[in-house]
Amino acid sequence: MYGRSIDGRDRNKICFCCGRDYREIPLGGNDLLSKDFKNKGINWSLNINKKLVEECIKAYTNEPFWKNRRNDLRNPIFSKELAVVLTQMGI
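Each value, and the rule that gives it
- Residues numbered from 1 in each chain as written.
- Predicted model: local features only at pLDDT ≥ 70, side-chain atom pairs only at ≥ 80, totals over all residues.
- Heavy atoms only, no water.
- Helix = DSSP H or I, 4+ residues; strand = E, 2+ residues; numbered from the N terminus.
- Rg over C-alpha atoms; globule rule 2.2 N^0.38 Å.
- Core = buried A, V, L, I, M, F, W, Y, C linked by side-chain atoms within 4.5 Å.
- Buried < 20%, exposed > 50% of the residue type's maximum accessible area, 1.4 Å probe, protein only.
- Contact = heavy atoms within 4.5 Å.
- Pairing = 2+ DSSP bridges.
- Axes fitted to C-alpha atoms, helices over the stretch in contact; angles between N-to-C directions.

A. Region of the structure containing the overall build of the protein. Within the protein one finds three helices and three strands. Going from N to C terminus, the protein has its helices and strands arranged as β-β-β-α-α-α. Computed over the C-alpha atoms, the radius of gyration of the protein is 15 Å, more than 25% above the 12 Å expected from 2.2 N^0.38 for a compact globule of 91 residues. Over its C-alpha atoms, taken along the principal directions, the protein stretches across nearly 45 × 25 × 20 Å.

And the structure:
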């Protein structure tokens, strides 16, 4: 998850969460990527099913999985954006 804070008390920060790592930096003086990489869910679940696993095995790649995950910063098509975010967050 990466994007502007949704906290109504303090929206002037950029938030990044990846696994157990959570970082915040002030919005002022930092550039926020224009694409929204927020996952606005409150639950955890696997985003796969048997059909998807079979498609990935048949294609010898995980591309079928990423095809439907266009707002996920972990998607390989966003590798440049991820590098920018990691540098921005000091990781």
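B. Molecular detail of the nonpolar core. By size, the foremost hydrophobic cluster in this structure holds 10 residues: Tyr2, Ile14, Phe16, Ile25, Leu27, Phe37, Leu73, Phe78, Val85 and Met89. The contacts of phenylalanine 78, once residues within four sequence positions are left out, are Lys35, Phe37, Arg70, Asp72 and Leu73.

C. Expanded view of the sheet that holds strand E3 (residues 21-26). Read from one edge of the open sheet, three strands run E1-E2-E3, paired in antiparallel fashion. The two strands at the open ends of the sheet, each matched to only one other strand, are strand E1 (2-4) and E3. Going from strand to strand, the sheet's axes swing by 15 degrees on average, the running direction of each strand aside. Inspection of the sheet shows strand E2 (residues 13-18) paired to E3 by six bridges, in the antiparallel sense. In the sheet register, cysteine 17 faces E3, and the bridge partner there is tyrosine 22.

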